[in-house]
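Examining the three-dimensional arrangement
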Amino acid sequence: MTWHAGRAVWRLPARHQRGCVVRELLEFLAKSLVEHPDAVVVEEHTRGDAVVYRLLVHPEDIGQVIGRHGRIAKAIRQVMHAAAHREGRHVIVDIAE
Amino acid sequence: MKRVVATGRTVDEAVTSALVRLGVTRSQAIVRVIQEPVRGFLGLFGGRKALVEVTVRLTPEEAAKSFLREVLRRMGWEVQIAAVPEEEDMARVVWLDVRCPEAALPSIIGRHGATLDALQYLVNVVVHREAGLRASETDDAPSGRAVRFVVDAGGYRRRRRDALQRMAEQAAARAVASGRPVGLAAMPAADRKVIHAHLQRRSDVTTVSEGEEPHRRVIVIPVVDAHAEDALQIE
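Just so you know, these numbers come straight off a predicted model, no measurement behind them.

1. Quick word on the sheet that holds strand β8 (residues 205–210) of chain B
All names here are of chain B. Strand order across the open sheet formed by three strands is β7-β9-β8, with antiparallel pairing between neighbours. If you trace the sheet from one side to the other, it starts and ends with β7 (182–183) and β8, each paired once. When β8 meets strand β9 (residues 217–222), the two strands line up antiparallel, connected through six bridges. The residue bridging Ser209 from the neighbouring strand is Val218, located in β9. Across the face of the sheet, helix α5 (residues 156–178) comes into contact with β7, β8 and β9 while running at roughly 40 degrees to β9. Taken strand by strand, helix α6 (residues 189–200) contacts β8 and β9, and its axis lies near 160 degrees from that of β8.

Right, dumping it as C-alpha cells:
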C-alpha cells in the first residue's frame, strides 16, 4: 500500500499494472453489449501521455456500443477512466463509426 | 456469462459436446447455430463441420451479478456482490451491493457517484439485452415485470438517498412554515425522483421540477387547501 494523492492506495499485483488489463476491460464491455462478439476488435496506440483504445465493432452493433444520446459510450468511457486512473494513466476511448 | 463454441459432424453432436463441457441440460441452455454442416466431396474433402454456440441460461439476477463482478475484476478489484431485492413503486428493484476493500471505494464510486452510475447503467443495458434475446429466441413467456438493478458500494447510494430525504423534509418544513415555494439546488433526474417520491406521501406540500438540464431543480410548494393545489398543478 502506498500514498497517492493524499490517500492510501492499494498497489496492484504486477500483472495488473500492464495496459492489457484495461484493454481486456474494454473488450469485455464491448463483447457483452454486441450481437457479434467475434467482430469486436480493440486497437491500442499512444498519443502523448495517453493511451488511445480504438474500438471496432460489427456495423450492425455500433448502436449497441454508443446508445441513445451516446449514453452507453459515455458509461464505457467513465468505467475505463476509473480503471486507468488506478494505474495512474489516462486513456481515450475512440469508437470507430 | 458461460458460453462455449463447439463443433461436430452434425448440429446435434456439436450441441451435445457443448452441453457436456458446460455441465448443463438442453433446457438450461440457449443454442445458436453458427454454421450448418456441409458434406464434402465423397464425404471426405471440403466438408465443413457444424459449429454452434451454446450459452447457459442465467436468471437476470445471476447475469447482473456475474457481469458486474467480471467488470470490476477487470478494473483490478476482486469483489463479492450481494443481491438484495426490494419492492419500490410496484416495480421490481434489485440492489447489487458491492463488497470490497475500503481502498477500492473511491475508484468504484467515482466523483459524485459517476462510476457507480456508469456501472449501473451498463448492468441494466446488458441484462435487458440478454433477456430480450432470450425471449425472442426461445419464445418464453415474458417474465412479466422487468427488473431494475441499482448498483451500490459501501452504502454510498443508501447514504445519498437518506441525505436527499432529509433535504426534502427540511424544504417541506420551510415551505409550510413560510407559505411560499422553496426551491432546492439543481440535481440529476435520479436525485429529483427521490425528492418527488419522498414528498408524495405528504398532503401539505406538492412538488414540481423546473429549469433545463443540467440546472433542473425541484420546487416544493405548500398546499394551502385543495382549491389552491389544483391551481398550482394547472400552472
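2. A short note on the side chain of B:Thr207
Residue and element names in this part refer to chain B. Following the sequence through the fold, Thr207 ends up in strand β8. A polar atom in the side chain of Thr207 sits 2.8 Å from the side chain of His196. With residues near it in sequence (within four places) discarded, Thr207 still touches His196, Leu199, Val218, Ile219 and Val220.

3. Quick look at the confidence of the model for chain B
All names here are of chain B. Per-residue confidence for chain B gives a mean pLDDT of 85, with 86% of residues at or over 70. In this model residues 135–144 is a low-confidence stretch, pLDDT under 50, and it forms five contacts with partners more than four residues away in sequence or in other chains. Among the scores for the predicted complex, ipTM is 0.81 and pTM is 0.71.

4. Notes on the sheet that holds strand β5 (residues 90–95) of chain A
Where strands meet in a sheet, backbone hydrogen bonds hold them as pairs that are either parallel or antiparallel. Residue and element names in this part refer to chain A. Judged by pairing direction, the sheet is mixed, and its three strands sit side by side in the order β3-β4-β5 without closing on themselves. What marks the edges here is a single partner per strand, and that holds for β3 (41–47) and β5. Across this sheet, the average inter-strand angle for adjacent strands is 25 degrees, counted without regard to direction. Judged from the six bridges that link them, strand β4 (residues 50–56) and β5 form a sheet pairing that is parallel. Its bridge partner lying in β5, Leu55 is registered against Ile95.

5. Remarks on unusual backbone geometry
Cis geometry is found at the peptide bond from B:Glu213 to B:Pro214, where omega equals 0 degrees. Tracing the chain through its elements places B:Pro214 in the loop between β8 and β9. Of note, the phi angle at A:His69 is positive, near 55 degrees, even though the residue is not glycine. The residue A:His69 is located in the loop between α3 (62–66) and α4 (71–86) in this model. Phi at B:His112 takes a positive value of approximately 50 degrees, unusual for a residue other than glycine. Inspection of the secondary structure assignment puts B:His112 in the loop between α3 (105–109) and α4 (114–138). You can call B:His112 exposed: its relative accessible area is 72%.

6. Topic: the UniProt feature "domain: R3H" (unreviewed entry) in chain B
Mapped onto this numbering, the UniProt entry gives "domain: R3H" (unreviewed entry) at residues 158–224 of chain B. For residues 158–224 of chain B, the helix share is 49%, the strand share is 21%, and the end-to-end C-alpha distance is 33 Å.

7. Re the interface of chain B and chain A
Size of an interface, as often reported, equals the accessible area lost when the parts are brought together. The interface of chain B with chain A comprises 22 residues on the first partner and 23 residues on the second. On the chain B side of the interface with chain A, the three residues burying the most area are B:Arg74, B:Tyr121 and B:Arg129, jointly 29% of the side's total. Our enumeration of links across chain B and chain A arrives at one salt bridge. Here A:Glu35 ties to B:Arg129 by a salt bridge, and the two come within 3.3 Å at their closest N and O atoms. Run the count over chain B and chain A and you get four residue pairs in polar contact (both at pLDDT 80 or more). Mapped onto the side of chain B that touches chain A, the elements with two or more residues apiece are α2 (60–74), α3 and α4 of chain B. Here the side of chain B that touches chain A gets ten residues from one element, more than from any other, and that element is α4(B).

About the thresholds
- Residues numbered from 1 in each chain as written.
- Chains lettered and ligands numbered in written order.
- Predicted model: local features only at pLDDT ≥ 70, side-chain atom pairs only at ≥ 80, totals over all residues.
- Heavy atoms only, no water.
- Pairing = 2+ DSSP bridges.
- Helix = DSSP H or I, 4+ residues; strand = E, 2+ residues; numbered from the N terminus.
- Contact = heavy atoms within 4.5 Å.
- Axes fitted to C-alpha atoms, helices over the stretch in contact; angles between N-to-C directions.
- Polar contact = N/O pair within 3.5 Å; in protein donor to acceptor, adjacent residues only side chain to side chain.
- pLDDT = per-residue confidence, 0-100.
- Buried < 20%, exposed > 50% of the residue type's maximum accessible area, 1.4 Å probe, protein only.
- UniProt positions renumbered as here; feature names shortened; annotations may be inferred.
- Buried area = accessible area lost by both parts, 1.4 Å probe.
- Salt bridge = Lys/Arg side-chain N within 4 Å of Asp/Glu carboxyl O.

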